[in-house]
Amino acid sequence: MSYSSKIEELIELLSQESGLNTESNHKYLKNLQHGFHKLNYAHEYLKDSPTFNKILEEQKIRKSNKDSDKWRKKGTEYIQLQKHMDAFECLTKSIAFAENENSSEAFAARAKLLCDTGYFSACLQDIDRGSKKQCSKTVQESLANLKEKATKYEIPDHLVDFDPLPVITDRNSTRRSASSYIELRTDETVGRHIIAAKEIPAGEILVVEKSFVHTMFPESKYLHCHECLKLCYNLIPCPQCADALYCSDNCKQQAESYHKYECDVSDLYGELTINFIKMVVKALDDNSSTGPEEYYYKSRFTDIATLVTNEEKRNGINLYYPIMMATIGFHDLKRKTTILSDFNISENDLKNLIYECIMIDSINSFNIKKFSPVDGSAKMIALGIYAFSSLFNHSCTPNCQYFFHGRNIVIRTTSNIEKGDECNITYCGNYSPHPMKTVEERRNYLEDVFFFKCHCKACVGVGN
Ligand SMILES: [Zn+2]
Ligand SMILES: [Zn+2]
Ligand SMILES: [Zn+2]
């Protein structure tokens, strides 16, 4: 089921069961001052809804040897069909679902495919991982045979995922993720926006920024590291759930601070690709030091908190949906995690923060896309939040384009820009044939999703 139809179905169910979705309720919700007032009001309506209660009772996808065996068999079928990407995906699922001491067979199956396809060092890693688990005699023997074969080759693995990250030659003095070619301006009509501080040639790198947080799209979960977004054929899973996978122990460790709260809650937020748990944890953890590695970006939540949510312009579903999600999120976290006591935060403060994060996420996230090494098509990998890149305004004829290196966004000029001119990107989909055929469709989309009427050069003179 696709992402949008899943959301629609959920909203429909919750609306029917709770009765929250009426015009008079919308009006009332809109006038409530704080996030926690809105969540408390919504909870009165949602608390008897079967769907709401089912979500709160749901347990995270658990490991199961039965599922692990099923995926290993599926993987073998793909190997016979020579569909190696699909096979890697299934064998990784087989490892993710295997109950702790039962994964040696799954590791052995993946190690064999890695060896047969020439990924020798990845193969040796899997042999090592598999050997540390309980092994039957047959598995022990096949791991030993594979080891002998894989160690013969010293050629490096040929899995190159992305080119080296571009470098900003002259950094902005206040925004380290930006170049000195641009500056941030604020005015009453357009709010914050980015302008050229001097004449900029085409092809110049303006921004290199690491995502503040990101969440995987379900279809990319078993082929990419959830922390650095690298394509990886030998991911290692979270020991508790089958839902979080990493390319290395290092990435796994980095994800621990937020994943420990995601690990026990409903799968719903992952299925819907919602970032709020990571955002909330990072916001509460904002005092964590920013080391030299953080040079490309500021991880501080204060920058994220200033991004627009257009709360006052929202109506109907755009108004009550984030409130519903925040209500579910709060009660789920409260019931299944220790977040309230760990951060010594009051229930009302946590409600406010969750609501704020869901609102920011709903309007500021970037679709992190990547070109498939198999067929060259652009695939959606994750939804990411970027503090600085979100300040670029939209134009239907943008002079900048963005692309991704793992979790980093890179923004580059596509034409010469005069000093003082605004730098724009498109909000209507990057890398794809323009999804909106007419000016009207495009303007309606921007108004529905981002709550503004486009007055860019391409739209001037069309409508009002
Ligand atoms: Zn990684
Ligand atoms: Zn987990
Ligand atoms: Zn326009």
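Definitions and cut-offs
- Residues numbered from 1 in each chain as written.
- Chains lettered and ligands numbered in written order.
- Predicted model: local features only at pLDDT ≥ 70, side-chain atom pairs only at ≥ 80, totals over all residues.
- Buried ≥ 20, exposed ≤ 12 C-beta atoms within 10 Å, placed from the backbone.
- Helix = DSSP H or I, 4+ residues; strand = E, 2+ residues; numbered from the N terminus.
- Pairing = 2+ DSSP bridges.
- Axes fitted to C-alpha atoms, helices over the stretch in contact; angles between N-to-C directions.
- Expected span 1.5 Å × (residues − 1).
- Arc of directions from axis to C-beta.
- Contact = placed C-beta atoms within 7 Å.
- Core = buried A, V, L, I, M, F, W, Y, C linked by C-beta atoms within 7 Å.
- Domains from an automatic or database assignment.
- pLDDT = per-residue confidence, 0-100.
- Parallel < 35°, antiparallel > 145°, perpendicular 65-115°, else oblique.
- Left-handed = near helix turned anticlockwise from the far one by under 90°.
- Nonpolar A, V, L, I, M, F, W, Y, C, P; charged D, E, K, R; others polar.

1. Side note on the pairing of strand β10 (residues 400-405)
Okay, so step 1: Here β10 shows a clear split, with Cys400, Tyr402 and Phe404 buried on one side and none of Gln401, Phe403 and His405 buried on the other.
Okay, so step 2: Relative to strand β11 (residues 408-413), β10 is paired through six bridges, and the arrangement is antiparallel. Its bridge partner being in β11, Cys400 is matched across the sheet by Thr413.
Okay, so step 3: The loop that links β10 with its antiparallel partner β11 comprises two residues; one of these, Gly406, has a positive phi angle of about 60 degrees.

2. With respect to the sheet that holds β10
Okay, so step 1: Reading across from one edge, β3-β11-β10 is the order of the three strands in this open sheet, with antiparallel pairing throughout. On the outer flanks of this sheet lie β3 (205-210) and β10, each paired with one strand and no other. The sheet shows a mean angle of 20 degrees between the axes of neighbouring strands, taken without regard to direction.

3. Description of helix α9 (residues 137-151)
Okay, so step 1: When the terminal C-alpha atoms of α9 are compared, their 21 Å separation across 15 residues agrees well with the 21 Å that a helix rising 1.5 Å per residue should span.
Okay, so step 2: Among all positions in α9, only Ser142, Leu143, Leu146 and Ala150 are buried. End-on view of α9: buried residues confined to an arc of 105 degrees, all on one side of the axis. Turned more than 90 degrees away from the buried face of α9 sit Lys137, Glu141, Ala144 and Glu148, all of them exposed.
Okay, so step 3: Residues of α9 that are buried sit in contact with α7 (104-116) and α8 (120-131).

4. Focus: the nonpolar core
Okay, so step 1: By size, the foremost hydrophobic cluster in this structure holds 112 residues, and its most contacted members are Ala111, Cys123, Val280, Ile354 and Ile358.
Okay, so step 2: With residues up to four places along the chain from it excluded, the contact list for Cys123 reads Ala111, Leu114, Cys115, Leu146 and Ala150.

5. Structural notes on the pairing of β3
When a strand is regular, its side chains alternate between the sheet's two faces.
Okay, so step 1: By the criterion of burial, β3 is predominantly enclosed, with five of the six residues buried.
Okay, so step 2: Note: β3 against β11, five bridges, orientation antiparallel. Each residue of the ladder has a partner; that of Val207, found in β11, is Ile411.

6. Things to note about the domain arrangement of the protein
Okay, so step 1: For the protein, the domain assignment lists domain 1 (1-60 + 224-364), domain 2 (65-151) and domain 3 (182-210 + 386-450).
Okay, so step 2: Measuring from the centre of the C-alpha atoms in domain 1 to the corresponding centre in domain 2 gives 34 Å.
Okay, so step 3: If you look at the interface, domain 1 gives seven residues, while domain 2 gives 12 residues.

7. Things to note about unusual backbone geometry
In most cases, non-glycine residues show a negative phi, while peptide bonds are predominantly trans.
Okay, so step 1: Located in the positive-phi region is Thr273, a residue other than glycine, with phi close to 55 degrees.
Okay, so step 2: Along the chain, Thr273 turns up in the loop between α11 (268-271) and α12 (276-284).
Okay, so step 3: Classification of Thr273 by C-beta neighbours within 10 Å gives buried; the count is 20.
Okay, so step 4: Even without being glycine, Asn310 reaches a positive phi, approximately 50 degrees.
Okay, so step 5: Looking at the secondary structure, you find Asn310 in the loop between α13 (301-305) and α14 (316-336).

8. Some points on the sheet that holds strand β4 (residues 213-216)
Okay, so step 1: One open sheet accounts for three strands, arranged β4-β8-β7; its pairing is antiparallel. Strands at the two margins of the open sheet, each flanked by one partner only, are β4 and β7 (366-371). Neighbour-to-neighbour, the strand axes of this sheet turn through a mean angle of 35 degrees, independent of strand direction.
Okay, so step 2: Relative to strand β8 (residues 378-385), β4 is paired through four bridges, and the arrangement is antiparallel. Looking at β8, one finds that Thr215 is bridged to Leu383.

9. As for the confidence of the model for the protein
Okay, so step 1: Per-residue confidence for the protein gives a mean pLDDT of 88, with 91% of residues at or over 70.
Okay, so step 2: Mean pLDDT in the protein bottoms out at helix α1 (residues 3-18), which sits at 82, and peaks at strand β6 (residues 245-246), which reaches 97.
Okay, so step 3: Considering only residues more than four positions removed or in separate chains, one finds that residues 291-298, a stretch of pLDDT under 50, has 12 contacts.

10. Overview of the packing of helix α6 (residues 84-97) against α7
Okay, so step 1: The geometry of α6 relative to α7 is characterised by a closest axis approach of 9 Å and an angle of 160 degrees between their N-to-C directions. When the interaxial angle is binned, α6 and α7 end up roughly antiparallel. Between α6 and α7 the crossing geometry is left-handed. Every residue of α7 that contacts α6 at His84, Ala87, Phe88, Leu91, Thr92, Ser94 and Ile95 is listed here: Ala106, Phe107, Ala109, Arg110 and Leu113.
Okay, so step 2: Looking at the contact of α6 with α7 residue by residue, the class counts come to eight nonpolar, three polar and one charged.

11. Some points on the environment of Leu10
Okay, so step 1: Position of Leu10 relative to the elements: it lies in helix α1.
Okay, so step 2: Looking at Leu10, the number of C-beta atoms within 10 Å reads 19, which means it is partly exposed.
Okay, so step 3: When the C-alpha positions of Leu10 and Leu268 are compared, they lie 10.0 Å apart, and in sequence the two are 258 residues distant.

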